[in-house]
Amino acid sequence: MFANAIAAERFRLLRDRSTLFWGFIFAPLVGFFLSIAGDIFLRQLAKKPLTGMPLDLVGQVLKALGSGASVFPALFLAIGAAAVLAGDYRWETWRLLTPRNSRPHLLGAKLVVVGEAILWNLVLTVGLTLLAGVIGASIAGKTLVVSGSGAGLGQIAGVFAVTWLEAMTLASLAAVIAVIARSPMGAVVAVVVVRFVQTILAAGLGAMAPEPTWKTLAIPAYSADLLRGFLAAPNHAGLETGPVGVALLVLLAWAAALAGGAILLFQRQDLTRE
Amino acid sequence: MTIALEAVALTKAYGSVRALDDFSLSIPAGGVFGVLGPNGAGKSTLFRIALGLVRPTSGSASLFGAPAGDMTSLRKVGAMIETPRYPPYLTARDTLSMLALESGTRDADISGWLDRVGLGGAADRATNGFSVGMKQRLGLAAAFFTRPELVILDEPTSGMDPAGIQEIRALVVDLARKEGVTVILASHQLDEVRRVCDRVAILSKGKVVTEGAVDALTASQVRLRLVASPVEQVLAVLGEKGAADGPDAVLADISRSEAPALIRALVNAGVEITEARWREADLEGVYLQTLKSSGAA
Ligand SMILES: Nc1ncnc2c1ncn2[C@@H]1O[C@H](COP(=O)(O)OP(=O)(O)O)[C@@H](O)[C@H]1O
Ligand SMILES: [Mg+2]
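This one's a predicted model, so the numbers in the text were calculated from it and none came from an experiment.

Draft legend 1. Structural detail: the domain arrangement of chain B. Considered domain by domain, chain B is made up of domain 1 (3-217) and domain 2 (222-279). Here domain 1 of chain B and domain 2 of chain B have C-alpha centroids that lie 44 Å from each other.

Rendered as structure tokens:
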């Protein structure tokens, strides 16, 4: 049963402390400490409290979530995802698991658990960003503000979902590469390279054509940015809802196609020496 | 009679190497069945196909009548394939807990099984630091603890010290009896198979060279042992069918009905026969003989 496989994967990941830390906790922590260090630096530079300077918590959270699947966090998410998805090749433990559940369930459960871990990673990002805001404001003497309260929550939820989906396109890619390369290392490298190339391509193609085109929309990072931009400022986005819908479909399609491909490849794979 | 594992014309090619070559075998449910063969004979490949880890190039395998790799049949099987490996960050107990979750077994007596295989004291240590023998013990527990109908053990004592080997063999026999489980045990050690198994198939180069009850196999290969002189002359008369057995004896690979004629011929040739008796081969004899006649030894 699929639920059994998910329970087993979750049980495992919760006991794999180094994967949990490096994959899903480290990057938000780095963001937290960098933010506080920035405020300490600012306070030193200004030599007096920056009273009156506003610090918008909603804006901070949207910014942090917006870059939650960019190259730097993607590197660490890839480390975590690859450890889960390719761990059984690395430890040669597929032969322990495969007779106990079907292959689609086994790999599908890994993707589900990676999805959960990414979700918690983003929750941690939100929490640490808020904490860094509060601590940073008291260090630098800034004034905390919470813009647009009710609408702000909706924006955060939307941006959260888009970034999660963007991260899942990368996790599904990690799954495909894990199965093909039979090693976590290959999956990490592939994810980071692909994420980096997306940034370059999105910037390059975006500069040539400011309006979204089929080409740019096909790039998950571009589509995710488009969606986040739309969600964060629905009134000012100046966009038709058409491209926004396409962008969402593109992200869903990439994640589903890559995940499906990984499962299909895994199902047909010989596990001889793993 | 229920068939636990059946292979029909199974072939698995790795490039030019045929790990299994038109391999057919039928293993009945009940008792301990030995799969004996030198390294590279195809034992592990057979099991990997049966468990759905590897797909055959051609032919088919089934467990309890269902196609190999089918979840309905795999639910009835526990297995330990080659030297077991585990996620290094899990303890022995957590490894079994994870496997129980994976197969949806809620009532497994994990502590009891760890005690039974002699890992009670190491239950909460990470498997990372386990010796090969400890990993094999955990592998046995993992194969048996969800109460399968069939347990496949692939060289369960390889890499263990002699005391551990004795203990594991006794454990396998005990479990097979008490749990009423069919056990298929692969080994390249004759001694192991002789002590543990009721029936055996001898594999070589991806084929079954002989198969049957251990007793029947050893009884089928009787030879006439002649103590005589000169030995050279006996060997000359026997040709292909003779083999020296020490300085003054010869083993004659002949049937009972050929014996009077042989003895007459030897006496006529001036050979002095001091002793002639039928000797049953042991499993080692059967093994070496079958491998030799299949051209693999
Ligand atoms: N993944 C593989 N790639 C290439 N050759 C393999 C592979 N797995 C097994 N073989 C070959 O198949 C043959 C049978 O191997 P195996 O089934 O492991 O034998 P046994 O378990 O009896 O020692 C050997 O010659 C081995 O080298
Ligand atoms: Mg083997």
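Draft legend 2. The arrangement of helix α2 (residues 17-46) of chain A in detail. All names here are of chain A. Here α2 contains 30 residues, and its C-alpha end-to-end distance of 41 Å stays within 8% of the 44 Å for a straight helix at 1.5 Å per residue. Along α2, the sharpest kink reaches roughly 50°, centred on I25 and followed within four residues by the proline P28. Along α2, the positions that sit buried rather than exposed are T19, G23, F24, A27, P28, F32, I36 and D39. Residues of α2 that are buried in the fold lie against α1 (2-15), α4 (71-90) and α6 (103-140). Taken from the residues just after α2, K47 is the one with a positive phi, measuring 60°.

Draft legend 3. Just the layout of surface pockets, in detail. Taken as a whole, the largest pocket holds about 560 Å³ of empty space. Lining of the largest pocket is provided by 26 residues; of these, A:G31, A:F32, A:A64, A:S67 and A:T129 occupy positions nearest its centre. With 8 residues, the single largest contributor to the lining of the largest pocket is α2(A). The space that makes up the second largest pocket amounts to roughly 390 Å³. Lining the second largest pocket are 17 residues, and of these A:R273, B:G40, B:S44, B:T45 and B:E82 lie nearest its centre. In terms of residue class, the lining of the second largest pocket is built from 3 nonpolar, 8 polar and 6 charged.

Draft legend 4. Structural context of the packing of aromatic side chains. All names here are of chain A. Summed over the entire model, instances satisfying the criterion amount to 9 aromatic pairs over all chains. The interplanar angle of 50° and the centroid separation of 5.0 Å between the aromatic rings of F26 and F76 together place this pair among those described as tilted. Here F26, found in helix α2, pairs with F76, found in helix α4; they are 50 residues apart in sequence, far enough to count as distant. For F76, a relative accessible area of 9% corresponds to the buried category. For the pair Y89 and W94, a centre-to-centre distance of 5.7 Å together with 80° between the ring planes defines the contact as edge-to-face. With a relative accessible area of 3%, Y89 lands in the buried category. An aromatic cluster of three or more residues is present, and its members are F21, W22, F26, F72 and F76. Sitting over the face of the ring of F11, R15 holds its NZ or CZ atom 3.6 Å from the ring centroid.

Thresholds, definitions, all that
All residue numbers refer to positions counted from 1 along the written sequence of the respective chain. Lettering of chains starts at A and numbering of ligands starts at 1, both following the order in which they are written. In keeping with the model being predicted, local features are shown solely for residues with a pLDDT of at least 70 and side-chain atom pairs are shown and tallied solely at 80 or more, while totals for entire chains, interfaces and linings include all residues. Here the side-chain values reflect all heavy atoms present in the structure, with hydrogen atoms and water set aside. Note that the domain bounds reflect an automated or database-derived domain assignment. Think of it this way: any DSSP run of H or I at least four residues long counts as a helix, any run of E at least two long counts as a strand, and we number them from the N terminus. Multiplying one less than the number of residues by 1.5 Å gives the expected span of a helix. To get the bend at a given residue, fit one axis to the seven residues ending there, fit another to the seven starting there, and take the angle between those axes. A 1.4 Å probe rolled over the protein chains alone gives each residue an accessible area, and that area as a share of the maximum for its type sets the label: buried under 20%, exposed over 50%, partly exposed in between. Any two residues whose heavy atoms approach within 4.5 Å at even a single point are treated as in contact. A 1.4 Å probe that fits but cannot get out identifies a cavity on a 1 Å grid over protein atoms alone, an open set with protein on both sides within 12 Å along at least five of seven lines counts as a pocket, and a residue lines either if it has an atom within 4 Å of a point. Grid points are joined across faces, edges and corners, and a volume is the space filled by probe spheres set on the points. For this classification, the nonpolar set comprises Ala, Val, Leu, Ile, Met, Phe, Trp, Tyr, Cys and Pro, the charged set comprises Asp, Glu, Lys and Arg, and every other residue, Gly included, is treated as polar. Here the aromatic set is Phe, Tyr and Trp, taking the six-membered ring for Trp, and pairing holds for ring centres within 6.5 Å; pairs whose planes are under 30 degrees apart are stacked, those over 60 apart are edge-to-face, and all others are tilted. To sit over a ring, a charge needs its Lys NZ or Arg CZ within 6 Å of the ring centre and within 35 degrees of the ring normal.

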